[in-house]
Amino acid sequence: MKGVVCALLVGLLCLWAPSHTKDTPPKVQVYSRLPGEWEKPNTIICHVSGFHPPEITIDLLQDGKEMPAAEQTDLAFEENWHYHLTRHVRFSPSEGQEFACRVTHMGKARTYVWEADV
């Protein structure tokens, strides 16, 4: 009987907690795996964290166009029902090119530009 009551309470908590979490915009970090140098192979990474609800889109852009072959981690959540996600792709930046991460959450899109270390 105790097991059934515990399972029921856990189920109710899972239904109650997300509905009582307020909408929270994402924190976004755009960086490269290695220091950014022109003409050197690297990986651009966009890490998005601390957001709720979990509906979000992350695009990696080169000169405003989506970069092909980008990979994304599975959506993960923290105990406070806020989520985090990472998207990355290999690239070799050239001077004059712009690389960025566009994040769309709750219908609002915002672009974050990567800055080279040169």
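Every chain's residues receive numbers from 1 upward, in the order its sequence appears when written. Under the rules for a predicted model, residues below a pLDDT of 70 receive no local features and side-chain atom pairs below 80 are neither given nor counted, while totals for whole chains, interfaces and linings still include all residues. Where side-chain values are given, they derive from all heavy atoms of the structure, hydrogens and water being excluded.

**Student:** What should I look at first to understand the environment of E55 in this one?
**Tutor:** Mapped onto the secondary structure, E55 falls in the loop between strand 2 (42-51) and strand 3 (56-62). Three exposure classes are used, based on accessible area relative to the maximum for each residue type with a 1.4 Å probe and protein chains only: buried under 20%, partly exposed in between, and exposed over 50%. Overall, E55 belongs to the exposed group, its relative accessible area being 56%. With 52 residues separating them in the primary sequence, E55 and G107 have C-alpha atoms 9.4 Å apart. Contact between two residues is taken to exist if any of their heavy atoms lie within 4.5 Å; hydrogens are not considered. Setting aside residues up to four positions removed in sequence, E55 forms contacts with T104, H105 and M106. A run of H or I in DSSP becomes a helix once it reaches four residues, and a run of E becomes a strand once it reaches two; helices and strands are each numbered from the N terminus.

**Student:** Please clarify how unusual backbone geometry should be interpreted in this entry.
**Tutor:** When glycine is set aside, most residues are seen to have a negative phi, and most peptide bonds are trans. The omega torsion of the bond from H52 to P53 falls at 0°, within 30 degrees of zero and hence cis. Note on placement: P53 falls in the loop between strand 2 and strand 3. Positive phi, normally seen in glycine, also occurs at E39, with a value near 65°. With respect to the element layout, E39 can be found in the loop between strand 1 (27-32) and strand 2. The class for E39 is exposed, based on a relative accessible area of 55%. The residue A69 is not glycine, and still its phi comes out positive at about 70°. With respect to the helices, strands and loops of the structure, A69 is situated in the loop between strand 4 (65-66) and strand 5 (71-72).

**Student:** How should I be thinking about the packing of aromatic side chains in this particular structure?
**Tutor:** To describe a pair of aromatic rings, one takes the distance between the centres and the angle between the planes. Each aromatic pair joins two rings of Phe, Tyr and Trp (for Trp, the six-membered one) with centres within 6.5 Å, and gets the label stacked for planes under 30 degrees apart, edge-to-face for over 60, and tilted for any other angle. By the definition in use, this model includes 6 aromatic pairs. With centroids separated by 4.8 Å and ring planes inclined at 70°, the aromatic side chains of F91 and F99 adopt a geometry described as edge-to-face. Look at F99 and you get buried, because its relative accessible area is 2%. Ring centres 6.1 Å apart and planes at 85° place the aromatic pair F99 and W114 in the edge-to-face group. Here the residue F99 occupies a position in strand 8 (residues 99-105), and W114 occupies one in the segment after strand 9 (108-113), the gap between them amounting to 15 residues. The two residues F99 and W114 agree in class, both being buried.

**Student:** What should I look at first to understand the pairing of strand 2 in this one?
**Tutor:** A regular strand places its side chains so that they alternate between the two faces of the sheet. Across the 10 residues of strand 2, 10 count as buried, placing the element largely inside the fold. Strands were regarded as paired on the criterion that DSSP finds at least two bridges between them. With 9 bridges connecting them, strand 2 and strand 7 (residues 83-91) associate as antiparallel partners. Residue pairing across strands places C46 opposite R87, the latter belonging to strand 7.

Coordinates in, geometry out; function isn't part of it.
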